[in-house]
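Secondary and tertiary structure notes
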Amino acid sequence: MIDNPLPEDWRALQNGVCRLFNEIGLNANTEVELSTPRGTVVVDVYAVDEGSVDKIKYIVECKNWNAPIPQTVVHAFTTVMHETGANIGYIVSKAGLQSGALRYTENTTITGLTYQALQERYFNVWWHKYFCINAGAAAEYVNQYVEPINTHRSRFLEKLTEDKLARYIYLHDRYAAFGMLMWLIDIGSIVPEYAVDAPPSLEEYKAKLNNVLGDEFTFRASTYRDLLAEICAKLVHIEEQFNEVFGRNIFEGEGGGVNP
């Protein structure tokens, strides 16, 4: 999962839903006051898809209850949806909806689901719009240090001492595959048809990285968010080792980041 599917409390659930919506490209906020014909109402999460033609509006009710949500809650939520003009509504809870509440939503734009199910619903979008973009950005300088051809880097390599050059070659051989792989994970932002498919499961993805790259790339994360943090931290550490060889980041400042 992207995050722990069982948040410790209602506020953690609310904040998690809001964060997820923002990361997939919506404009989301928590505890938003909306106008209705009868006054105002505060909703747990309110999100707008600013990129859609009709500015699709989402409202989310977060219930971290141990018991399934009853039909009365759904009735009240239906009123909020109608009076605020929202297009899509979610009731996100720990145990889902009661059978009567579930039947009531069948012909509405309201969906009752767990936090885990919400994450599964949007995982592919989150993978491409958040995981891949952030992993690729974190790998930018490492990739420039290890990619096969980089004339800017070559000019600096010519100035290294024998010991420093040996150190660079060691780091290159050790990290080239990882650096280029993580940079290429976001290739879909440049060439959409080459977008990297979302992995079938976190454990399979971690195992694949370990098998392909070796034991140094054994990641411990139990969520995709934690895995992203681990990968980014690893890339920062690798980048720092290359910077030490050259005395600084040779791609920052004048001429930095450009491969003539």
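Below, the structure is looked at part by part.

Calculation notes
Residues numbered from 1 in each chain as written. Predicted model: local features only at pLDDT ≥ 70, side-chain atom pairs only at ≥ 80, totals over all residues. Heavy atoms only, no water. Core = buried A, V, L, I, M, F, W, Y, C linked by side-chain atoms within 4.5 Å. Buried < 20%, exposed > 50% of the residue type's maximum accessible area, 1.4 Å probe, protein only. Helix = DSSP H or I, 4+ residues; strand = E, 2+ residues; numbered from the N terminus. Contact = heavy atoms within 4.5 Å. Salt bridge = Lys/Arg side-chain N within 4 Å of Asp/Glu carboxyl O. Expected span 1.5 Å × (residues − 1). Disulfide = S-S within 2.5 Å. Phe/Tyr/Trp six-rings, centres within 6.5 Å; stacked < 30°, edge-to-face > 60°. Pairing = 2+ DSSP bridges. Axes fitted to C-alpha atoms, helices over the stretch in contact; angles between N-to-C directions.

1. Points about the nonpolar core
The biggest cluster of nonpolar side chains holds 58 residues, and the ones touching the most others in it are Val17, Phe21, Tyr90, Val92, Leu118, Phe131 and Phe178. In terms of residue count, helix H9 (residues 224-246) provides more of this core than any other element does, 10 residues in total. Apart from the residues lying within four places of it in its own chain, the contact partners of Leu118 are Val17, Leu20, Phe21, Tyr90, Val92 and Leu113. Counting residues in hydrophobic clusters, the runner-up holds 17 residues, among them Val32, Val74, Ile91 and Ala101.

2. Points about the pattern of salt bridges
Inspection of every chain in the model, using the stated rule, returns 9 salt bridges. When the shortest N-O distance is used, the salt bridge between Asp3 and Arg19 registers 3.2 Å. Pair noted here: Asp3 is in the segment before helix H1 (10-23) and Arg19 is in helix H1, with a separation of 16 residues, a long-range link. Among the salt bridges present, the one from Glu61 reaches Lys63, with a minimum N-O distance of 3.0 Å. Take Lys63: its relative accessible area is 17%, and that puts it in the buried class. A single salt-bridge network, built from bridges that share partners, covers Asp3, Arg19, Glu23 and Arg225.

3. Overview of helix H7 (residues 162-184)
If you check H7, its first and last C-alpha atoms are 31 Å apart, about what 23 residues at 1.5 Å a residue would give, namely 33 Å. Restricting attention to buried positions, one finds in H7 the residues Tyr168, Leu171, Tyr175, Ala176, Phe178, Gly179 and Met182.

4. What to know about the state of the cysteines
If you walk through the whole model with that rule in mind, you get 0 disulfides. Take Cys62: it sits in no disulfide, and the sulfur closest to it among the cysteines is that of Cys18, at 9.2 Å.

5. Considerations on the packing of aromatic side chains
Enumeration over the complete set of coordinates arrives at 23 aromatic pairs. On the basis of an interplanar angle of 45° and a centroid distance of 4.8 Å, the ring pair of Phe123 and Tyr224 is categorised as tilted. On the criterion of sequence distance, the pair formed by Phe123 in helix H4 (residues 115-138) and Tyr224 in helix H9 is long-range, its members being 101 residues apart. On the basis of relative accessibility, which here comes to 11%, the residue Phe123 falls in the buried class. For Tyr224, a relative accessible area of 3% puts it in the buried group. Where Tyr168 meets Phe246, the ring centres are 5.9 Å apart and the plane angle is 70°; that geometry is what we call edge-to-face. Highlighted residues: Tyr168 in helix H7 and Phe246 in helix H9, separated in sequence by 78 residues.

6. Remarks on the sheet that holds strand S4 (residues 88-93)
Taking strand neighbours across the sheet as the criterion, the 5 strands line up as S1-S2-S3-S4-S5 in an open arrangement whose pairing is mixed. With one partner strand each, in any of the chains shown, strand S1 (27-36) and strand S5 (110-114) form the two edges of the open sheet. Averaged over neighbouring strand pairs, the angle between their axes works out to 35° when direction is ignored. Examined bridge by bridge, strand S3 (residues 56-63) and S4 share 6 bridges and lie parallel to one another. Directly across from Ile59, in S4, lies its bridge partner Gly89. Where H4 meets the sheet, it contacts S3, S4 and S5, and its direction lies at approximately 110° from that of S5.

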